[in-house]
Amino acid sequence: MLLWLLLLILTPGREQSGVAPKAVLLLNPPWSTAFKGEKVALICSSISHSLAQGDTYWYHDEKLLKIKHDKIQITEPGNYQCKTRGSSLSDAVHVEFSPDWLILQALHPVFEGDNVILRCQGKDNKNTHQKVYYKDGKQLPNSYNLEKITVNSVSRDNSKYHCTAYRKFYILDIEVTSKPLNIQVQELFLHPVLRASSSTPIEGSPMTLTCETQLSPQRPDVQLQFSLFRDSQTLGLGWSRSPRLQIPAMWTEDSGSYWCEVETVTHSIKKRSLRSQIRVQRVPVSNVNLEIRPTGGQLIEGENMVLICSVAQGSGTVTFSWHKEGRVRSLGRKTQRSLLAELHVLTVKESDAGRYYCAADNVHSPILSTWIRVTVRIPVSHPVLTFRAPRAHTVVGDLLELHCESLRGSPPILYRFYHEDVTLGNSSAPSGGGASFNLSLTAEHSGNYSCDADNGLGAQHSHGVSLRVTGTSRNRTGLTAAGITGLVLSILVLAAAAALLHYARARRKPGGLSATGTSSHSPSECQEPSSSRPSRIDPQEPTHSKPLAPMELEPMYSNVNPGDSNPIYSQIWSIQHTKENSANCPMMHQEHEELTVLYSELKKTHPDDSAGEASSRGRAHEEDDEENYENVPRVLLASDH
């Protein structure tokens, strides 16, 4: 269905394009028929009324007269015309000079649709009576014995009018008939001419239709209206005061026969133009282009994609279709009067990645666009952090591998590793998958670990994973957890040894040998054994006159940490004191009290030392051995008998 836009360009019916208005020829007296011998004045006027005297040209039966005045008098019958420099040639006016006794006169000028006055006039009008008027041989109604009669709404046809009357001739009444009169009816407006801005418009282009006519300047107050047609269909809104109709776009179905009509608003006069054939030309599509939004075809999973197919040229109804590589059927089709069309793909997935093209056709043949690749990037999923260690329970010195992996996400992916929310480092996976980070454990590495993954579409964080680091480092001095355990075990062993010694003392004979192989003690020998530790007796301390017999030391060994790779041994000596040497031993507090003194040392061996190397190291480096005793306190157990 056509959309019409009516624009008023010209004042209705005032002029035709490129045609000057006609000059106006008037009669005085205003009758086109006179009796022979009478004079009639002709007056030529122009609408502009701005021309100087002498610019008027007169024609008699199409012959130019030498008279240049705007007013002349004539006595000869014939067709008269005039023109001025500002106007075109006037309509011809036939002036008749009749030698007859009875004439029928009509007022001049007369235009289409006017009411005209007819007068039946005798040469001796006083002796003329019983006048009757006729049209085409038939008496007009109510026209008997009238001096004048009015004929309504005359037209430009070939109707013939005449009249009859009686004249007195002495005592006789003689009937007389006038010559037939053809009323000179002038055109109120010219026959319209339909003009189109193009007889072969391009499909989709606008076109302007104009119904051109010219209203007589002698009837400036007459109002006209216009209507335009294609074949038998009325265009626009029907009758309009505007002679112009603008069509925004022409299509192939608009081809056909066009014409227009003009009429007075009183519907008294209507005229129709000739028909004009208009053929709308179709332009085949060309330069088909596919555009993808977001621009560049780079999408993130879940976004919406728009495929825009356009043509640089093409008219009429165009069918657009969209296609994806690997699919037999099209993604969609649209048929519309437009140079572009859009296809929306909602919530793209990874499977929507690939190559696309579109096609356009307006009945000639499909034209294809170039291929465009679409990529769909996937945000990373929440990564999972796992540990890879050489043993189930990690210890200091182990090499721990932290592995972080997202199951979904477009590469490359950057992984970051955290310990207690402090960044440890990062690792990249250029082709996707997971990445690892290695860490050499110390005691401070116990705690919570996590990681995150990021491929530029938003980072995702893993859940936290706890790690506990146990054990002792080889290069560390002092007590570790294993050392503390050994100390506890050593104390237990010492307690057991004390109990055994106490039991041996109970069974010992008076004055005999002790259970440990010593029978008596010299006061000077109330000191630590010198076999494995240096004496701690003050050298300035006085000695007794009776030296004591040397004591026999009985070392007892026990590994206090059997499960450790670095064994720690306990070394125990027992010293028995008698009454004879108790006075000289600072450890004895009662005169008749016998004490059993136990000395315990913890000695740590190196795993790479053999038994012999350990012995030689003890003999050669007593000070070094003392360092290996690692600040373990000595235990003194007293047995009260």
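It should be noted that the structure appears before, not after, this text.
Residues numbered from 1 in each chain as written. Predicted model: local features only at pLDDT ≥ 70, side-chain atom pairs only at ≥ 80, totals over all residues. Heavy atoms only, no water.

Student: Tell me what's going on with the overall build of the protein, and back it up with residues and numbers.
Tutor: If you tally the helices and strands in the protein, you get four helices and 46 strands. Within the protein, the proportion of its 641 residues that are buried is 40%. Put simply, 63% of the contacts in the protein that link residues at least 6 apart link residues at least 24 apart. Summed over its atoms, the accessible surface of the protein is roughly 35600 Å², and 51% of this surface lies on carbon and sulfur atoms. (Helix = DSSP H or I, 4+ residues; strand = E, 2+ residues; numbered from the N terminus. Buried < 20%, exposed > 50% of the residue type's maximum accessible area, 1.4 Å probe, protein only. Contact = heavy atoms within 4.5 Å. Areas by Shrake-Rupley, 256 points an atom, 1.4 Å probe, with all protein chains shown as cover.)

Student: An account of the pattern of salt bridges is needed here, citing residue identities and associated values.
Tutor: Under the criterion given, the structure shown has 19 salt bridges. Salt-bridge contacts for arginine 219 lead to aspartate 114; the nearest nitrogen and oxygen are separated by 2.8 Å. One end of the pair, arginine 219, is in the loop between β20 (207-212) and β21 (224-230); the other, aspartate 114, is in the loop between β11 (110-111) and β12 (116-122), and 105 residues separate them in sequence. On the basis of relative accessibility, which here comes to 18%, the residue aspartate 114 falls in the buried class. (Salt bridge = Lys/Arg side-chain N within 4 Å of Asp/Glu carboxyl O.)

Student: Outline the sheet that holds strand β40 (residues 434-440), listing residues and values.
Tutor: The three strands are arranged β36-β37-β40 in an open sheet whose pairing can be described as antiparallel. Strands with a single pairing partner mark the edges of an open sheet, and in this sheet they are β36 (384-388) and β40. For this sheet, the mean inter-axis angle between neighbouring strands, taken without regard to orientation, is 20°. (Pairing = 2+ DSSP bridges. Axes fitted to C-alpha atoms, helices over the stretch in contact; angles between N-to-C directions.)

Student: Tell me about the sheet that holds strand β17 (residues 172-177), residues and numbers included.
Tutor: Taken in spatial order, the four strands line up as β14-β13-β16-β17 in an open sheet, and their pairing is antiparallel. If you trace the sheet from one side to the other, it starts and ends with β14 (138-139) and β17, each paired once. The sheet contact formed by strand β16 (residues 161-169) and β17 spans six bridges and is antiparallel. The residue of β17 that forms the bridge with phenylalanine 169 is leucine 172.

Student: Now, about the side chain of lysine 324: what can you tell me, with residues and values included?
Tutor: Tracing the chain through its elements places lysine 324 in strand β30 (residues 318-324). Polar side-chain contacts of lysine 324 include one of 3.3 Å to the backbone oxygen of alanine 353. The contacts of lysine 324, once residues within four sequence positions are left out, are Leu331, Ser351, Asp352, Ala353, Arg355 and Tyr356. (Polar contact = N/O pair within 3.5 Å; in protein donor to acceptor, adjacent residues only side chain to side chain.)

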